[in-house]
Amino acid sequence: MKIAFYGTKPYDRAKFEPMAQTYGFLIHFIEMPCNAETIFLAKGYDAICIFVNDHIDAYMIDELCKMRVKAILLRSAGYNHVDLKAAKDRIHVLRVPGYSPEAVAEYAAGLLLSVNRCIHKAFYRARDFNMNINGFMGVDLYQKTAGIVGTGKIGQAMIRILKGFGMDILAYDPYPNDKLPVEYVTLDELFSQSDVISLHCPLMKETKHIINKKSIAKMKQGVYLVNTSRGALIDSEALIDGLVAGKFGGVGLDVYEEEEGIFYEDCSNHIVMDEVLARLMTFPNVLITSHMGFFTKEAMDAIALQTMENAYAIENELPLVNKVL
Ligand code: NAI
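What counts, and at which threshold
- The residue numbering used here restarts from 1 in each chain and proceeds along that chain's sequence as written.
- This being a predicted model, a pLDDT of at least 70 is required before a residue's local features are given, and a value of 80 or more before pairs of side-chain atoms are given or counted; all residues contribute to the totals for chains, interfaces and linings.
- Side-chain numbers here rest on the full set of heavy atoms in the structure, without hydrogens or water.
- Secondary structure counts use DSSP, requiring at least four H or I residues in a row for a helix and at least two E residues in a row for a strand, with both numbered from the N terminus.
- Think of it in three bands: residues with accessible area under 20% of the maximum for their type are buried, residues over 50% are exposed, and the middle band is partly exposed, with areas taken using a 1.4 Å probe on protein chains only.
- It only takes one pair of heavy atoms within 4.5 Å for two residues to be counted as in contact.
- Residues enter a nonpolar core if they are buried and are Ala, Val, Leu, Ile, Met, Phe, Trp, Tyr or Cys, with the set joined through side-chain atoms within 4.5 Å.
- The rule for pairing is simple: two strands pair if DSSP sees at least two bridges between them.
- Every angle, taken between N-to-C directions, lies between 0 and 180 degrees, and every axis is a line fitted to C-alpha atoms, over only the stretch in contact when it is a helix.
- Proximity is defined per residue: if any heavy atom of the residue lies within 4 Å of a molecule or strand, that residue is considered near it.
- Definition of a polar contact: a pair of N or O atoms within 3.5 Å, with one able to donate and the other able to accept a hydrogen when the atoms are protein atoms, and with sequence-neighbouring residues admitted only if both atoms are side-chain atoms.
- Shrake-Rupley sampling with a 1.4 Å probe provides the accessible areas, and residues are treated as covered by the protein chains on show and by no other component.
- We call Asp, Glu, Lys and Arg charged. Ala, Val, Leu, Ile, Met, Phe, Trp, Tyr, Cys and Pro are nonpolar, and the rest, Gly among them, are polar.
- Here the arc refers to the set of directions running from the helix axis out to each C-beta atom.
- Note on ring pairs: Phe, Tyr and Trp rings are taken, using the six-membered ring of Trp, and paired if centres are within 6.5 Å. Classes follow the plane angle, with under 30 degrees stacked, over 60 edge-to-face and the rest tilted.
- As a reminder, the over-ring test applies to NZ of lysine and CZ of arginine, requiring each to be within 6 Å of the ring centre and within 35 degrees of the ring normal.

Trainee: Which residues make up the overall build of the protein chain, and what values go with them?
Mentor: Secondary structure summary: the protein chain contains eleven helices and twelve strands in total. Dimensions along the principal axes, computed over C-alpha positions, put the protein chain at roughly 60 × 50 × 35 Å. Burial analysis of the protein chain (325 residues in total) assigns 50% to the buried set. Taking the intrachain contacts of the protein chain between residues at least 6 apart in sequence as the baseline, contacts between residues at least 24 apart amount to 67%.

This is the structure in C-alpha cells:
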C-alpha cells in the first residue's frame, strides 16, 4: 500500500512513520494541504490520507478516480470535508471514529473553565507580577445547567465530566440514549434553560448554523457557549452580534467556520484577512484555539493505528468497518 499523506506536521510524521513500517506501507509525506492544485501528487499512490481542513470536492474525486486512487483515509472522526455524494461507489472513504472522545471532552471542559475563570488571562497578568484580579470574576458551575447538543462518544464523555462538577445536564440528540444520566429536551428548551451549552454533534446540512440569530435570542443572558465540534455549527456573524449585545458570559471555540489556510499554520507575521475571525479575537470573553481538542498522545496513537488498520483492510479486502459510505 502506497499512501500520499497530505498536510504533514512533525507530530504526524513522528507517529505515522514507525507505524507504517510495521505494516509494510510506503508513506509519502507531503507538507502541502490537499486541494485542486496538489491533488495530482497522488498519482501512483493507492490512497490519500487527509486531515480536517483538506476539502475534497467532486472535481478532486474525479481526478483521484482517474489516477486509480482507491481510498481517502481520513485522520479524523468528522467527514464533512469530503463530497460523499461524489465519492459514493467510486472511492472508499474511511475515518477514525472514537479515537479518544476523552481528549476532546477534556479539552471542551478546559475551554469552559478557562473562559469562565479567565485562567489564560490571569497567567499573563501574574507573569508580569500584576496580581490584580479585577475583571476575572467567573461563576460557579456547581448546580448550574449544562446543555449538551449531540450525545455520541464525545458528548457522553463531556456529560461525565460536567456531572463531576455537580452540574445538571440537559441534552438534545435526534437519537436519544436512555442510559445516560441526562434529561433529553427539545433544542429550544436546551437553548432557553442552559447556563452552559456545549456542541458535540457532527456538521451536516441539518446542523449547519444550529447556533444562529434565532437560537442565540432564546439563550439565557450570560450563557457560556463551547464549540469543539465543527466551526460551521455556529453562524459567526450572529455570534458576533450576540457578543456585542452582551449576551454571552463567555465563548470557547476550538473550531471556526473558515479554518483553511489559518488553523494549524503560523500566521503571526501575516495580516489576517479574515475580518470575522479578527473581530472574534477582539472580545475579552472569547477564547479561540486552533482545532486541537484531539491533540493528546493517546489520541494521536489511536489515529495512526486506526488509519493503518483502515489501509490494511483495503489492501487485504477485509470488511471496511470504518467506511463512511
Ligand atoms: P458520534 O458520532 O459518536 O456522536 C455524534 C452524535 O451527534 C450522535 O449521537 C448523533 O446522533 C448526534 N447528532 C446527529 N445529528 C444531530 C443533530 N441534528 N443534533 C444533535 N445531535 C445530532 O461523534 P463523536 O465522536 O462524539 O464526535 C462529534 C463531533 O466532534 C465530530 O463529528 C467532529 O465534528 C467533532 N470532533 C472534533 C475534534 C476536535 O479536535 N476539536 C476531534 C474529534 C471530533
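Trainee: Before we move on, could you go through the nonpolar core and cite the residues and values that matter?
Mentor: Within the largest apolar cluster, 32 residues are counted, with the highest numbers of intra-cluster contacts made by Ile197, Ile211, Leu225, Leu239, Phe248 and Leu280. Listed by contribution, the elements that provide at least two residues to this core are α7 (187–193), β9 (196–199), β10 (223–227), α9 (236–244), β11 (248–253), α10 (275–281) and β12 (286–288). Sorting elements by how many residues they give to this core places α9 first, with four residues. Residues in contact with Ile211, not counting those within four places in the same chain, are Phe191, Leu199, Ile216, Met219, Leu225, Leu233, Ile234 and Asp235. Listed in part, the 29 residues of the second largest apolar core include Cys49, Val52, Phe294 and Ile314.

Trainee: Lay out the sheet that holds strand β8 (residues 183–184) with the relevant residues and their values.
Mentor: Strand order in the open sheet made by the seven strands is β8-β7-β6-β9-β10-β11-β12, with parallel pairing throughout. Lying at the two open borders of the sheet, with one neighbouring strand each, are β8 and β12. As paired strands, β10 and β11 are joined by five bridges and run parallel to one another. By the bridge assignment, Val226 is partnered in β11 with Gly252. In the packing of helix α6 (residues 153–164) onto the sheet, contacts are made with β6 (145–149), β7 (168–172) and β9, and the angle to β6 comes to roughly 170°.

Trainee: Could you give an account of unusual backbone geometry, naming the residues involved and the relevant values?
Mentor: Here Cys118, not a glycine, exhibits a phi torsion of approximately 60°, which is positive. By the element assignment, Cys118 lies in the loop between α4 (101–117) and α5 (119–127). Backbone geometry places His291, a non-glycine residue, at a positive phi of 45°. Residue placement: His291 occurs in the loop between β12 and α11 (297–315). Judged by its relative accessible area of 7%, His291 is buried.

Trainee: Now, about the site of the ligand: what can you tell me, with residues and values included?
Mentor: Around the ligand, the surrounding shell holds 24 residues, and the nearest of these are Lys153, Ile154, Asp173, Thr228 and Phe294. Between an oxygen atom of the ligand and a side-chain N or O atom of Ser229, the distance comes to 3.3 Å. In the model, an oxygen atom of the ligand is placed 3.0 Å from a nitrogen or oxygen of the Phe294 main chain. Expressed as a share of its isolated accessible area of 870 Å², the protein-covered part of the ligand is 88%. Taken together, the residues that form the shell around the ligand break down as eleven nonpolar, nine polar and four charged.

Trainee: Explain the environment of Phe29 to me, and be specific about the residues and the numbers.
Mentor: Topologically, Phe29 is positioned in strand β2 (residues 26–29). Remark: the alpha-carbon pair of Phe29 and Ile161, spanning 132 residues in sequence, is separated by 37 Å. With sequence-adjacent residues up to four places away left out, Phe29 is seen in contact with Phe5, Thr8, Arg13, Phe16 and Glu17.

Trainee: I'd love a proper account of the side chain of His200, names of residues and values included.
Mentor: The topology assignment puts His200 in the loop between β9 and α8 (213–218). Among the polar contacts listed, one links the side chain of His200 to the side chain of Ser198, at a separation of 2.7 Å. Discounting chain neighbours no more than four positions away, the residues touching His200 are Ala108, Ile148, Val149, Gly150, Ile154, Gly155, Met158, Thr228 and Ser229.

Trainee: Quick one: what's the story with helix α2 (residues 58–66), residue by residue and with numbers?
Mentor: Among all positions of α2, only Met60, Ile61, Glu63 and Leu64 are buried. Down the axis of α2, the buried side of the element spans an arc of 160°, and every buried residue falls inside it. The inward-facing, buried residues of α2 abut β3 (47–50), β4 (71–74) and α3 (84–87). After α2 finishes, the residue Arg68 shows a positive phi value of roughly 60°.

Trainee: Talk me through the environment of Ser229; I want residue IDs and the actual numbers.
Mentor: The topology assignment puts Ser229 in the loop between β10 and α9. It is 9.4 Å that separates the C-alpha atoms of Ser229 and Ala108, two residues lying 121 residues apart in sequence. Discounting chain neighbours no more than four positions away, the residues touching Ser229 are Leu199, His200, Cys201 and Val255. A distance of 2.6 Å separates the side chain of Ser229 from the backbone oxygen of Cys201, its partner in a polar contact.

Trainee: Could you give an account of the packing of aromatic side chains, with specific residues and numbers?
Mentor: Using the criterion set out here, one finds ten aromatic pairs in the structure. The interplanar angle of 25° and the centroid separation of 5.6 Å between the aromatic rings of Tyr23 and Phe25 together place this pair among those described as stacked. Members of the aromatic cluster, each reached through a chain of ring pairs, are Tyr11, Phe51, Tyr264, Phe294 and Phe295. Positioned above the aromatic ring of Tyr45 is the side chain of Lys2, whose terminal nitrogen or guanidinium carbon lies 5.5 Å from the ring centre. Here Arg125 stacks its cationic end above the ring of Phe136, 3.9 Å away from the centre of that ring.

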